[in-house]
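Breakdown of the fold
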Amino acid sequence: YFVPENIDVDELSCEANIFVNGALIGEMRFLTKIVDAPRALNPHVDTRRFNRIFISYAHQDADQIKFLALAYKAQGVDYFYDRHSLAPGDVYEEKIFDYIDSSDLFVLCWSKNAESSEYVAKEKGYALQRAYPQKTYETATLKICPFSIEPRAELPNDMKGIYNFEEI
């Protein structure tokens, strides 16, 4: 990658997301120094595979996002997709908050239906408290991967300008 000649920093913090069949499965993070001969550097790269994933969506959108649950299931990843994860008698809020607490990736499927869903709002708000930038980059325990799906809605005020929403 190239940076402008007049950039006033000595190093850049970089992040690359790793997708398999449209499903985010991991990330690479590294710092790189800005130098004239970058090939001479060998930056340290931190990688991680997401092991526990929470999928947040409005029930009206289930047909559009079920491929995410199927992609994670095919990879053997532990994921929360309410249609697969809730048992009769589960206390929904307790179960979802416990799962978000122990997740390392929160997948938000944002739509007009999600915008008006009380549960999506609760899940999103709870996840934002555990993610960057509310937490520092080093202490955030949860990564948020937001998708914009049909029917599209305005991006949430607490996320726009911070997160890139992939359109699917």
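Here the structure is shown first, and the text comes after it.
Along every chain, residues carry numbers that run from 1 in the direction the sequence is written. Where local features are concerned, this predicted model is filtered to residues with pLDDT of at least 70; where side-chain atom pairs are given and counted, the filter is 80 or more; whole-chain, interface and lining totals use all residues. To obtain the side-chain values, all non-hydrogen atoms of the structure were used and water was disregarded.

What follows concerns the pairing of strand β7 (residues 143-148). Throughout this description, buried means an accessible area under 20% of the type-specific maximum (1.4 Å probe, protein chains only), exposed means over 50%, and partly exposed covers the range between. Each helix is a run of H or I in the DSSP string that is no shorter than four residues. Each strand is a run of E no shorter than two, and both are numbered from the N terminus. The buried count for β7 comes to six of six residues, which makes it a mostly enclosed element. Pairing geometry for strand β6 (residues 105-110) and β7, over six bridges, is parallel. Counted as the bridge partner of Leu-108 is Pro-146 from β7. Paired strands, in this sense, are two strands between which DSSP finds at least two bridges. Here two bridges tie β7 to strand β8 (residues 166-167), and the two strands are oriented parallel to one another. The residue of β8 that forms the bridge with Phe-147 is Glu-166.

Time to look at the pairing of β6. Of all six residues making up β6, six are buried, and the element is well covered by its neighbours. Of the two faces of β6, the one lined by Leu-105, Val-107 and Cys-109 and the one lined by Phe-106, Leu-108 and Trp-110 are each fully buried.

On to the nonpolar core, then. The biggest cluster of nonpolar side chains holds 22 residues, and the ones touching the most others in it are Ile-53, Ile-55 and Tyr-72. A contact between two residues is defined here by any heavy atoms of the two lying within 4.5 Å. Sequence-distant contacts of Ile-53, that is, excluding residues within four places in its chain, are made with Leu-24, Tyr-72, Val-77, Asp-78, Tyr-79, Phe-80, Tyr-99, Ser-103, Leu-105 and Val-107. Judged by nonpolar contacts, the second largest core, of 21 residues, contains Phe-106, Ala-114, Val-120 and Leu-142. Take the buried residues of types Ala, Val, Leu, Ile, Met, Phe, Trp, Tyr and Cys, join any two whose side-chain atoms come within 4.5 Å, and each joined set is a nonpolar core.

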